[in-house]
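Structural overview for review
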Amino acid sequence: MRFFNTEGPIRSEDHYSLPPLSRWDLDEILRLIEQKKYFLLHAPRQTGKTTCLLALAEHLNRAGQYRAVYANLEIAQTAREDVARGMRAICGAIGGAARRYLGEERLYEWTEAVWPAHGADGVLNALLERWCLHSPQPLVLLLDEVDALVGDTLIALLRQLRAGYTQRPEGFPQTVILCGVRDLRDYRIHASSENAPITGGSAFNIKAKSLRLGDFTADEVRTLLLEHTAETGQVFTPEALDRVWALTQGQPWLVNALAYRACFELREGRDRSRPIRIELIDQAKEAMILERVTHLDQLAHKLQEPRVRRVIEPMLAGTLPGEASEDDRQYLIDLGLLRRDGSGGLVVANPIYREVLPRALASGPQDSLPHIAPTWLNADGTLDPAALLDAFLAFWRQHGQPLLGSASYHEIAPHLVLMAFLHRVINGGGTLEREYAIGLGRMDLCLRYGAVTLAMELKVWRDGASDPLAEGLIQLDGYLSGLGLATGWLVIFDRRADQPPIAERTSSQTVTGPQGRTITVVRA
């Protein structure tokens, strides 16, 4: 029985899948190869790059016009600045791939033959030249995980490929495709001893194009999920199908992971006589986030990179990323963290990532929280919003100031501490949804616990700015209108200098919003 795959390349005999080459413009790829172009393919991790490259190599070999070899160069990552070790690993990886896919046994022998004369700075060039001279068809080389290499090892690879470029196709590969997460401009091509970056243009200025492998479309998501129905007879409700698309926006790993959990791990989902409902998809999503599965954990780890922080921190705060360059913003798009919406603005790539980013950042404050008795619960286990407000005010007065220092993003430390507190509140019994984007000037939270839905808007009062109360009331009114709620909280964090201690300035009052709604204003 086939299943949804979340580890490694797709095998059609084992996994539900889409035709890999349908995700590219195959005509464009073949035209670039025919024109003897060298180019790049990049996309975020676990989006199907390796599957597509393997399918392309198989397609080319089956057609017979070229000899195509796929090789993964990640094995050379540990060599780092040891160029000799790195180039031996690269030549070994290519030799192993040639033997595996083409039955070509001579590359190991040729590597040893050319090494004494050419050394680490020329061995790959000499090896590929000899191989091409002995090949009955032009060679197409597909090199994966190239951006795992760093420093002088990466420079040696790129420059040897560039040096042989003029000899193609008789004495060098007709086409070389470099594949990785990053585009060429973000390759880590600088020596640690010099710390001076060498631009992609100078190290590999023969690149004709840089192609990006996109996410699934809504139709492709539906097609993939319905393969399970065709194979097992188990249906997805229309709402569940829509929910998978809404949560993932077509990110391939997320689509497969949600569907696998819902269909193969959750008890109800394993019963093929029962449909996959929207509730199962939501359960799968929550379990993935709580477990910090590897894909999401890797994503969260990126938050500590300075260039990621320069964009994400103001996005969470709702302000403009003044220090972030266009390269920084494009880097986050290339990583798959962000995407451009219909108007060209930057937004988090999908709702699951939108949940993961602030949760990961709030984990420090959450781990630092003291024991808090759940005084916000009624005797029957339901949530009492008034008691929750009292509990938060008492918590903030006592613990707010010291906990601010446990947040890794200083500009949004109050937001993160509040979210850490609210995660203690829901603790498996509810959900906390977040809305934020660059330039909104706010973060919106929606806490759902049983029959209670509580909406909050978070604003920051900074030095040189006016009181955000009036603007916040208008914004919260719009948020409550969208949720169909009559009440909510407006939380204003006063971050101005020379203010009284948090314990003295924390307060709450009830006001009437512009549309007549009852608003609790918390000043913290």
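Residues numbered from 1 in each chain as written. Predicted model: local features only at pLDDT ≥ 70, side-chain atom pairs only at ≥ 80, totals over all residues. Heavy atoms only, no water.

1. Description of the packing of helix α3 (residues 83-102) against helix α5 (residues 123-133)
- Contact pair α3 / α5: the axes reach a minimum separation of 10 Å and the direction vectors enclose 20°. Compared by their axis directions, α3 and α5 come out roughly parallel. Crossing handedness for the pair α3 and α5: right-handed. Contacts between α3 and α5 involve M87, C91, I94, A98 and L102 on the former and, on the latter, V123, L124, L127 and W131.
- Here the residues of the contact of α3 with α5 are counted per class, giving nine nonpolar, no polar and no charged. (Axes fitted to C-alpha atoms, helices over the stretch in contact; angles between N-to-C directions. Helix = DSSP H or I, 4+ residues; strand = E, 2+ residues; numbered from the N terminus. Parallel < 35°, antiparallel > 145°, perpendicular 65-115°, else oblique. Left-handed = near helix turned anticlockwise from the far one by under 90°. Contact = heavy atoms within 4.5 Å. Nonpolar A, V, L, I, M, F, W, Y, C, P; charged D, E, K, R; others polar.)

2. As for the packing of aromatic side chains
- Counting across every chain of the model gives eleven aromatic pairs.
- Ring centres 4.6 Å apart and planes at 65° place the aromatic pair F4 and Y16 in the edge-to-face group. Here the residue F4 occupies a position in the segment before α1 (26-34), and Y16 occupies one in the segment before α1, the gap between them amounting to twelve residues. In this structure, F4 and Y16 share a single accessibility class: buried.
- An aromatic cluster is defined as three or more aromatic residues linked by ring pairs; in this entry it consists of W376, F392, F395, W396, F421 and F493.
- When the ring centre of Y331 is taken as reference, the NZ or CZ atom of R307 above it lies at 4.0 Å.
- A cation over a ring is seen here: R496 above W461, with NZ or CZ 3.6 Å from the ring centre. (Phe/Tyr/Trp six-rings, centres within 6.5 Å; stacked < 30°, edge-to-face > 60°. Buried < 20%, exposed > 50% of the residue type's maximum accessible area, 1.4 Å probe, protein only. Lys NZ or Arg CZ within 6 Å of the ring centre and 35° of its normal.)

3. Focus on the layout of surface pockets
- Approximately 820 Å³ is the volume found for the largest pocket.
- If you trace the largest pocket, you find 38 residues lining it, with T6, E7, G8, Q46 and W253 closest to the centre.
- Those elements that provide at least two residues to the lining of the largest pocket are α2 (49-63), α10 (252-265) and α13 (294-301).
- It is α10 that provides the largest number of residues to the lining of the largest pocket, a total of seven residues.
- Looking at the lining of the largest pocket residue by residue, the classes come out as 16 nonpolar, 14 polar and eight charged.
- Within this model, the second largest pocket holds a volume of roughly 570 Å³.
- For the second largest pocket, the lining is made up of 28 residues, of which R45, V181, Q298, K302 and L335 are closest to its centre.
- Those elements that provide at least two residues to the lining of the second largest pocket are α13, α15 (326-335) and β6 (338-340).
- Residue composition of the lining of the second largest pocket, by class: nine nonpolar, nine polar and ten charged. (1 Å grid on protein atoms, 1.4 Å probe; cavity = no way out; pocket = protein on both sides within 12 Å on 5 of 7 lines; lining within 4 Å. Points joined across faces, edges and corners; volume = space filled by probe spheres on them.)

4. Here we look at the pattern of salt bridges
- Tallied over the full model, the rule gives 33 salt bridges.
- Here R2 and E231 are joined by a salt bridge, their closest N and O atoms 3.2 Å apart. Residue R2 is found in the segment before α1, and its partner E231 is found in helix α8 (residues 218-232); the two are separated by 229 residues along the sequence.
- Residue class for R2 comes out buried when judged on its relative accessible area of 18%.
- Owing to a relative accessible area of 36%, E231 belongs among the partly exposed residues under this scheme.
- Taking the shortest distance from any N to any O, the salt bridge between E326 and R329 comes out at 3.1 Å. One end of the pair, E326, and the other, R329, are both in helix α15, three residues apart, so they sit about a helical turn from each other. (Salt bridge = Lys/Arg side-chain N within 4 Å of Asp/Glu carboxyl O.)

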